[in-house]
Amino acid sequence: MAGTDADVIDALVGITPGSPLDAIRARRHQARTHAQATYRALFEPASSGSFTVPERFAVGAFVAGLHGDAAIADHLAARLVASGAPAAHREAVGAAVTAAAAAGPYGRYPAGPLSREDSAGPGYRADGAIRRALGPRLAAAFEHAHLLVFHPRDAAPADLQALLDAGWSTTDIVTLSQLVAFLAFQIRVVAGLRVLAGRP
């Protein structure tokens, strides 16, 4: 899958024109169109600003790895390399996924009836080798992405400050959060379509 002229979700699932799954997706034309447009806006922006395209693919591959979707993680890792990132970044992404793997979700609710659903779980801090390979800016992004994937209800102002301290602008932090949220959506759509295709 060299580019994104073709629908990315279709390509990840193996949906061919005229197939039953193609017909199913065609019934939700707007959802299909907007999912592809969102992918392109996040990973192929006309102007990436200070959140570079290689950084976006690195974070994306890490997040897909945390969700346990090897096909999407491999797709994004290949795009990471094609974007001009150092080969060490792809290796660091794989190492980070292994180090940060968890089950989740974890976290604590404010005191009240939902507190019975509180669940403790590991956080993630990039180790020295991964931090050196990625640099402090991407390492901070990985740590924040892990928080959003596994500890969303534990996010606090100090976590945003850690990103600011690592050189992330407020605009880039919003885009980072959008990217993590979009991948959670995309991964679930792909998983559902694979089940319908008999290829879970």
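This one's a predicted model, so the numbers in the text were calculated from it and none came from an experiment. (Residues numbered from 1 in each chain as written. Predicted model: local features only at pLDDT ≥ 70, side-chain atom pairs only at ≥ 80, totals over all residues. Heavy atoms only, no water.)

Draft legend 1. Examining the nonpolar core more closely. Grouped together as the largest cluster of nonpolar side chains are 54 residues, with contacts concentrated most on Phe43, Val59, Phe62, Leu76, Val93, Tyr124 and Phe142. Those elements that provide at least two residues to this core are α1 (8-13), α3 (29-43), α4 (53-66), α5 (70-82), α6 (87-100), α7 (128-150) and α9 (170-197). In terms of residue count, α7 provides more of this core than any other element does, 10 residues in total. Excluding residues that lie within four positions of it along the chain, valine 93 makes contacts with Ala58, Ala61, Phe62, Leu80 and Phe142. (Core = buried A, V, L, I, M, F, W, Y, C linked by side-chain atoms within 4.5 Å. Buried < 20%, exposed > 50% of the residue type's maximum accessible area, 1.4 Å probe, protein only. Helix = DSSP H or I, 4+ residues; strand = E, 2+ residues; numbered from the N terminus. Contact = heavy atoms within 4.5 Å.)

Draft legend 2. Expanded view of the packing of α4 against α9. Running from amino to carboxyl end, α4 crosses α9 at an angle of 45°, the nearest separation of the two axes being 10 Å. As far as their axial angle goes, α9 and α4 are oblique. Crossing handedness for the pair α4 and α9: right-handed. From α4, Arg56, Val59, Gly60, Val63 and Ala64 reach across to α9, where they touch Thr175, Leu176, Leu179, Val180, Leu183 and Ile187. (Axes fitted to C-alpha atoms, helices over the stretch in contact; angles between N-to-C directions. Parallel < 35°, antiparallel > 145°, perpendicular 65-115°, else oblique. Left-handed = near helix turned anticlockwise from the far one by under 90°.)

Draft legend 3. The arrangement of the pattern of salt bridges in detail. Tallied over the entire structure, the rule returns 10 salt bridges. Two residues, glutamate 44 and arginine 40, come together in a salt bridge whose shortest N-O distance is 3.4 Å. You can call glutamate 44 partly exposed: its relative accessible area is 26%. Each of Asp7, Asp10, Asp22, Arg25 and Arg32 takes part in one network of salt bridges that share partners. (Salt bridge = Lys/Arg side-chain N within 4 Å of Asp/Glu carboxyl O.)

Draft legend 4. Seen up close, the confidence of the model for the protein. Taken over all residues, the pLDDT of the protein has a mean of 90, while the share at 70 or more is 96%. Per-element mean pLDDT across the protein ranges from 90 in helix α2 (residues 20-26) up to 96 in α4. (pLDDT = per-residue confidence, 0-100.)

Draft legend 5. Region of interest: the packing of aromatic side chains. Applying the stated criterion across every chain, the model contains 7 aromatic pairs. When the centroid spacing of 4.3 Å and the interplanar angle of 10° are considered together, the rings of phenylalanine 62 and phenylalanine 142 count as stacked. Placement of the pair is phenylalanine 62 in helix α4 and phenylalanine 142 in helix α7, with a sequence separation of 80 residues. Comparing phenylalanine 62 with phenylalanine 142 shows no difference in burial state: the two are buried. (Phe/Tyr/Trp six-rings, centres within 6.5 Å; stacked < 30°, edge-to-face > 60°.)

Draft legend 6. Spatial organisation of α3. In a regular helix each residue adds 1.5 Å, so 15 residues correspond to 21 Å; α3 covers 21 Å between its end C-alpha atoms and thus fits that length. Every buried residue belonging to α3 is among Arg32, Ala35, Gln36, Tyr39, Leu42 and Phe43, and all of these are buried. On an axial view of α3, the arc spanned by its buried residues comes to 135°, and they lie on one face. Of the residues in α3, the exposed ones pointing more than 90 degrees away from the buried face are His29 and Gln30. (Expected span 1.5 Å × (residues − 1). Arc of directions from axis to C-beta.)

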